[in-house]
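Spelled out from the first residue to the last, the chains are:
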Amino acid sequence: MASHTERQASKPAISRNRLLGTAGLAWMFDAMDVGILSFVIAALAVDWALTPGEMGWIGSVNSIGMAVGAFAFGILADRIGRKNVFILTLVIFSLASGLSAATTGLAAFLVLRFIVGGGLGGELPVASTLVSESVGANERGRIVVLLESFWAGGWLIAALISYFVIPEYGWRIALVLTALPALYAIYLRIHLPDSPEFTAKKEKRGTIGSNMKALFSAKYRRATIMLWIVWFTVVFSYYGMFLWLPSVMVMKGFDMIHSFGYVLLMTLAQLPGYFTAAWLIEKVGRKFVLSVFMVGTAISALVFGNADTTWLLLTAGAFLSFFNLGAWGALYAYSPEQYPTVIRGTGTGTAAAVGRIGGIFGPLLVGSLAGAGVGLGLIFSIFTGAVLIGAAAVLILGTETKQIELE
């Protein structure tokens, strides 16, 4: 069997920057679709006279699809390769996203959003696993966080499209615009080599059942429990807060155009959040970055939910974007490092699937509580508590994986 050094030496002739750019561009297109959905929900609420509960279901059905996709495609990535699943999930995601622009009713829209979620949920953990396995241990964490930073770029583009396009041309045109660039990423991915770690371990892959059983073996049980808790709390809070962000601004008394503009300003803070996490993660480690950024998210959520002035709302929203997306970057870097190559796709995908279950309940919680007249301060306090539980799980159950060699 090839040693780690030999596998590194035999990696395909693709530069680190090209790998990051190829995977990152597609990651950005995915973020555009998720980002645009938060603005589309606010527009659909007006066009289709949706109740808060129905608005919540749009975000939640997307997360249901992501849970199914993360679980199924994570397992499949350990069978047919990271690259193959990477391309397959993008095709599913882009076609369904484009078709959703043609829907005329909530039921059809929900079905297509489920399919979009399936492709998106499968793609993200597989992409981070592919990149993680294709770069050296001394820069792996930083590169994966930088990959995640493309998500902020996608959100920014989505916010710009929403601000300039939706009020003037409608939400259908916005969805078409976010779906078209994903087709270009298919071309890029065809030229992307598969993970050298996966290729080298090809002869040792187990069955689906044995891979799932291995996640709860004595060696990996602690890591699995920790990841499941952290993924659940992070995704629960993220989708509960960010998919509702434009609508929350409307609830606080701003019109749609001002709300979209303010969310655009808050979204700008995501980029320094990612870059700060990327700079720190190889210096102070994964546990420190992830736990500190989660605590920062919790405090920002509490202040945002209770803000009663525009400047405090914008400031808290900016810090919420900074810390929450920095935590996401650290989590994507941390998760693949918990498992050996033979079960890495299964372990990372299953953890992401558990997280997506949180993403189902987050938007529904906001919709049901807001519809019942519960104040935003209490709603965001729930997210604060959830994120603090996740931070505690990292500190108590997590182990530091900075610059370790992958098995």
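Refer to the structure printed above.
Residues numbered from 1 in each chain as written. Predicted model: local features only at pLDDT ≥ 70, side-chain atom pairs only at ≥ 80, totals over all residues. Heavy atoms only, no water.

Caption draft 1: Structural detail: the overall build of the protein chain. The helix and strand inventory of the protein chain stands at 18 helices and zero strands. Computed over its C-alpha atoms, the radius of gyration of the protein chain comes to 20 Å, within 12% of the 22 Å expected for a compact globule of 407 residues. With the C-alpha coordinates aligned to their principal axes, the bounding extent of the protein chain is approximately 65 × 45 × 35 Å. Burial statistics for the protein chain: of 407 residues in total, 61% are counted as buried. In the protein chain, 86% of the contacts between residues at least 6 apart in sequence involve partners at least 24 apart. With the model as given, the accessible surface of the protein chain reaches about 14,100 Å², and the carbon-plus-sulfur share is 70%. Charge-centre separation for the protein chain: the mean point of 27 positive side chains lies 8 Å from the mean point of 21 negative side chains. (Helix = DSSP H or I, 4+ residues; strand = E, 2+ residues; numbered from the N terminus. Rg over C-alpha atoms; globule rule 2.2 N^0.38 Å. Buried < 20%, exposed > 50% of the residue type's maximum accessible area, 1.4 Å probe, protein only. Contact = heavy atoms within 4.5 Å. Areas by Shrake-Rupley, 256 points an atom, 1.4 Å probe, with all protein chains shown as cover. Lys, Arg positive; Asp, Glu negative; His and termini not counted. Charge placed at Lys NZ, Arg CZ, Asp CG, Glu CD.)

Caption draft 2: Up close: helix H17 (residues 341-371). Compared with an ideal rise of 1.5 Å per residue, which puts 31 residues at 45 Å, H17 spans 46 Å between its outermost C-alpha atoms and is within 8% of the ideal. With 23 of 31 residues buried, H17 lies mostly within the body of the structure. The positive-phi residue at the C-terminal boundary of H17 is Gly-373, with phi of around 90°. (Expected span 1.5 Å × (residues − 1).)

Function cannot be inferred from these measures alone, as they are strictly geometric.
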